[in-house]
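Fold and contact review
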Amino acid sequence: MRELFRERGVRLFDQGGLKDLFDHVRNLLMATVIIAAGAHVIKQAVTIELRGVLYDEFAGYVVLAIGALLAVLNALNGLHQLNKQHWHMGIRIAVIVLYVVATVRLIQFVVAFRTG
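Residues numbered from 1 in each chain as written. Predicted model: local features only at pLDDT ≥ 70, side-chain atom pairs only at ≥ 80, totals over all residues. Heavy atoms only, no water.

1. Examining helix α3 (residues 56–84)
An α-helix turns once per 3.6 residues; consequently, residues spaced three or four apart project the same way. Note the following rule: Secondary structure elements are defined from DSSP: runs of H or I of at least 4 residues count as helices, runs of E of at least 2 residues count as strands, and each element is numbered from the N terminus. One less than the number of residues in a helix, times 1.5 Å, gives the span that helix is expected to have. For every residue, the accessible area (1.4 Å probe, protein chains only) is compared with the maximum for its type, and the residue is labelled buried under 20%, exposed over 50%, or partly exposed between those bounds.
The end-to-end C-alpha separation of α3 is 42 Å, in line with the 42 Å expected for 29 residues at 1.5 Å each. The set of residues buried in α3 consists of Asp56, Gly60, Gly67, Ala71, Asn74 and Leu82.

Take a look at the structure:
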């Protein structure tokens, strides 16, 4: 058991696992902020004047779609990294469900914070 914890610690700290985790969270936060910005523009299209943009609401949808694409790509990257770990399928499914729930809640939080 002690050897298992030592192996996980080496993988986490010495082989860059912690850096990968923080990079993944940073990318998720950036995608979330982009989604929130697009949602804010869609919701407030009447009161926001974007110079040089003819259709503010359409621009909001484009920004929201770009943020959603970035979030999906980040999730696929995370799934790829998770598959490399050779964990039990139940753990993988639990992590995927947790990731989706956390992502949706984070998007809701950022949108509520921006429109506050």
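2. Things to note about the confidence of the model for the protein chain
Using the following cut-off: Confidence scores labelled pLDDT are given residue by residue by the predictor and lie between 0 and 100.
Confidence in the prediction of the protein chain, expressed as mean pLDDT, is 79, and 79% of residues score 70 or more. Averaged pLDDT values over the elements of the protein chain bottom out at 67 in helix α1 (residues 2–14) and peak at 87 in α3.

3. With respect to the packing of helix α2 (residues 17–43) against α3
Quick reminder of the rule: In this description, a line fitted to the C-alpha atoms serves as the axis of each element, helices being fitted only across the stretch in contact, and the angle between N-to-C directions of two axes falls anywhere from 0 to 180 degrees. Angle categories are assigned with fixed cut-offs, so that under 35 degrees is roughly parallel, over 145 is roughly antiparallel, 65 to 115 is roughly perpendicular, and the rest are oblique. Here a crossing is taken to be left-handed if its near helix is turned anticlockwise relative to the far helix by less than a right angle, and right-handed if that turn runs clockwise. Note on residue categories: nonpolar means Ala, Val, Leu, Ile, Met, Phe, Trp, Tyr, Cys or Pro, charged means Asp, Glu, Lys or Arg, and polar means any other residue, Gly included.
Viewed as axis vectors pointing N to C, α2 and α3 meet at an angle of 160°, and their least axial separation amounts to 7 Å. Here α3 runs roughly antiparallel to α2, going by the angle between their axes. In the packing of α2 onto α3, the handedness of the crossing is left-handed. Of the residues that constitute the contact of α2 with α3, the class distribution is 14 nonpolar, seven polar and two charged.

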